[in-house]
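Listed here are the chains, written in short residue letters.
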Amino acid sequence: MINHKDSKYRNDTISSIEFSGFLKYEAFFDSRQTVNAREGLVVLYPANRLLDFNQKDINANPSINMLSIHSRLRSGIRGPVILGAISSAVIEADFYGNENQFFSDLNGLRLFNAYVKLNWKTTELMAGQYWHPMSVPGFFPRMISFNAGAPFHPVARNPQIQVSQELGSFKLIGSLLSQRDFKGTGPAGPGSQYLRNSGVPNIHLQAQYSQDSSSLSAGIGVNYKKIVPELYTENGSGDIFKTGNALNSISWTGYLNAKVFNTSVRLQGVYAQNAYDVLLIGGYAVKGVKDSETGERAFSNLNTASVWTDIQSGGNAKIQIGLFCGHTMNLGTFEPIDGPFYSRGVDIGSATRVAPRIIYSTGPLGISLEGEYTSARFGDANGDQKGRVTNTSPVSNYRLLFSIKYSFGNFIN
């Protein structure tokens, strides 16, 4: 929250615009093929074995790339008092590109975040595109990789309206969200229409606690999402019938940030249903046909759990070291499944990541080296007929990432 006593934000303040951002070069090597986005910049987990005629693994082939598309520009706007509240706005863009059929817009300018805020003494109203509340700002892993800990840490940015209320050391947050860049999936492929067609926004409630010293902060949140996977069904004769079967999903998260001397420790746990839209493994599946005459189907959530911790030492020292560790599990469904899956990592029973890093900073320049070991246990999808994966065996990828980052204008990540 902004201090209302700050003279910079009085009624006679002239609006100002401040520019900040960074330029970032990244070079990375993977020991095998991976499941990734944008030519490998965002890596989720290793690709499963793909055996040729001679039983040789086609995906056991390394790759290397260099990109600068993560470079970002931010405009921060400080405005006058409006309706008794301090007004401000932020718009950010990078060169990650906009999604299309062939992902050919690499290096294309895209909207990253864009929002307006009104701050009263203890209340804040925010509207625009911003981080999903399960991707808690201030509690992110400090990884160098652009994957930000996915698929162990929830990662998404959503159009939303959010109200925050301070109550002493506590803050209560309520958000209504839609989907755009990060969306769910279903019978027609990835898209936001499944949430839109429910007529109900994604609803998130959260409570945070923070000490005045900022040495300890924590929070807990609950996320409700309703989707309609299909608007009509088709029977065996080719006749179509209107339908509106919905799927309700509930997800929970808890997180902690503690500072001990010059070391920061961050921890988050997530229990999620249908978490495809926040870059976790999981989604949902067809549990069966309800009406054979119309082809109407019923759906069931895939349940997943993940936990991660991130430790970084050094404070403001020129040399800092850090370590990210994460684990996620496919918990299956509550009901037998007898239909297709709309999910990420449907054949992954569990996955683990360990990623150490070292960062050298001097002035606006940061030079980083990060190693990332990710192992996923692949097996028979829906092996127990309840969404769980059986007969698993591990497949691992080793990534080495080198980056040079030049920040300007007091950029705050």
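For the structure, see preceding data.
Residues numbered from 1 in each chain as written. Predicted model: local features only at pLDDT ≥ 70, side-chain atom pairs only at ≥ 80, totals over all residues. Heavy atoms only, no water.

Draft legend 1. How the structure looks around the overall build of the protein chain. Helix and strand counts for the protein chain stand at 1 helix and 24 strands. The C-alpha atoms of the protein chain give a radius of gyration of 23 Å, which matches the 22 Å a tight globule of 413 residues would have. Taken along the three principal axes of its C-alpha coordinates, the protein chain extends 70 × 50 × 40 Å. When burial is assessed residue by residue, the protein chain has 48% of its 413 residues classed as buried. In the protein chain, once contacts between residues fewer than 6 apart in sequence are set aside, the share between residues at least 24 apart is 65%. Of the roughly 19,500 Å² that the protein chain leaves accessible, carbon and sulfur atoms contribute 59%. (Helix = DSSP H or I, 4+ residues; strand = E, 2+ residues; numbered from the N terminus. Rg over C-alpha atoms; globule rule 2.2 N^0.38 Å. Buried < 20%, exposed > 50% of the residue type's maximum accessible area, 1.4 Å probe, protein only. Contact = heavy atoms within 4.5 Å. Areas by Shrake-Rupley, 256 points an atom, 1.4 Å probe, with all protein chains shown as cover.)

Draft legend 2. Seen up close, the environment of Ile-86. Summarising the element assignment, Ile-86 is placed in strand E6 (residues 85-94). The spatial distance from the C-alpha of Ile-86 to the C-alpha of Lys-117 is 7.9 Å, given a sequence separation of 31 residues.

Draft legend 3. Local environment of the packing of aromatic side chains. Counting across every chain of the model gives 11 aromatic pairs. Geometrically, the ring pair formed by Phe-139 and Tyr-255 is edge-to-face, given 4.5 Å between the ring centres and 65 degrees between the ring planes. Separated by 116 residues along the polypeptide, Phe-139 in the loop between strand E8 (123-131) and strand E9 (157-167) and Tyr-255 in strand E15 (residues 247-260) bring together distant segments of the chain. Neither Phe-139 nor Tyr-255 differs from the other in exposure class; each is buried. Pairing Tyr-373 with Tyr-398 gives two aromatic rings, centres 5.1 Å apart and planes at 40 degrees, and the pair type is tilted. (Phe/Tyr/Trp six-rings, centres within 6.5 Å; stacked < 30°, edge-to-face > 60°.)

Draft legend 4. Just unusual backbone geometry, in detail. Cis geometry marks the peptide bond from Ala-150 to Pro-151, where omega comes out at 10 degrees. Turning to its location among the elements, Pro-151 is positioned in the loop between E8 and E9.

Draft legend 5. How the structure looks around a nonpolar patch on the surface. Side chains of Phe-29, Ile-64, Ile-319, Ile-321, Ile-358, Tyr-360, Leu-369, Leu-400, Phe-402 and Ile-404 sit close together on the surface and give an oily, nonpolar patch of about 900 Å² of accessible area. Only strand E20 (319-332), strand E22 (348-362) and strand E24 (390-408) provide two or more residues apiece to the nonpolar patch. Sort the elements by how many residues they give to the nonpolar patch and E24 lands first, with 3 residues. Here Ile-358 is to be found in strand E22. (Patch = residues over 30% accessible without salt bridge, like charges linked within 9 Å, V, L, I, M, F, W, Y side chains within 5 Å. Salt bridge = Lys/Arg side-chain N within 4 Å of Asp/Glu carboxyl O.)

Draft legend 6. Looking closely at the pattern of salt bridges. Evaluation of the coordinates by the stated rule reveals 15 salt bridges. Across the pair Arg-78 and Glu-18 runs a salt bridge, and its minimum N-O distance is 3.4 Å. Note that Arg-78 is positioned in strand E5 (residues 72-82) and Glu-18 in strand E1 (residues 16-30), a separation of 60 residues in sequence. Residue class for Arg-78 comes out partly exposed when judged on its relative accessible area of 24%. Close ionic contact of Glu-124 with Lys-117 constitutes a salt bridge, the shortest N to O distance being 3.9 Å. Like Lys-117, Glu-124 is buried. If you follow the salt bridges from partner to partner, you end up with Arg-72, Arg-74 and Glu-92 in one network.

Draft legend 7. Quick peek at the sheet that holds strand E17 (residues 282-291). Taken in spatial order, the 3 strands make up an open sheet running E18-E17-E21, and their pairing is antiparallel. In the strand order of this sheet, the two ends are held by strand E18 (296-301) and strand E21 (341-344), each with one partner. Sheet twist, expressed as the average angle between the axes of neighbouring strands with direction ignored, equals 20 degrees. Note that E17 and E18 share 6 bridges and pair antiparallel. When the bridges of E18 are listed, Asp-291 appears paired with Glu-296. (Pairing = 2+ DSSP bridges. Axes fitted to C-alpha atoms, helices over the stretch in contact; angles between N-to-C directions.)

Draft legend 8. Region of the structure containing the nonpolar core. Grouped together as the largest cluster of nonpolar side chains are 43 residues, with contacts concentrated most on Leu-41 and Val-155. Put simply, the parts of the chain that give this core at least two residues each are strand E3 (42-46), strand E7 (110-119), E8, strand E16 (263-273), E22, strand E23 (365-380) and E24. In terms of residues, this core owes the most to one element, E22, which gives 4 residues. Look past the residues within four positions of Val-155 in its chain and what remains in contact with it is Trp-131, Ser-135, Asn-147, Ala-148, Ala-150, Phe-182, Asp-277, Val-278 and Leu-279. If you look at the next biggest cluster of nonpolar residues, it comprises 7 residues, including Leu-247, Tyr-284, Val-286 and Tyr-342. (Core = buried A, V, L, I, M, F, W, Y, C linked by side-chain atoms within 4.5 Å.)

Draft legend 9. Geometry of the pairing of E9. Where E8 and E9 come together, 9 bridges link them in antiparallel fashion. By the bridge assignment, Ala-127 is partnered in E9 with Ile-161. Relative to strand E10 (residues 170-177), E9 is paired through 8 bridges, and the arrangement is antiparallel. For Ile-161, the partnering residue across the bridge sits in E10 and is Leu-176.

It is worth stressing that arrangement in space is one thing and function is another; only the former is reported here.
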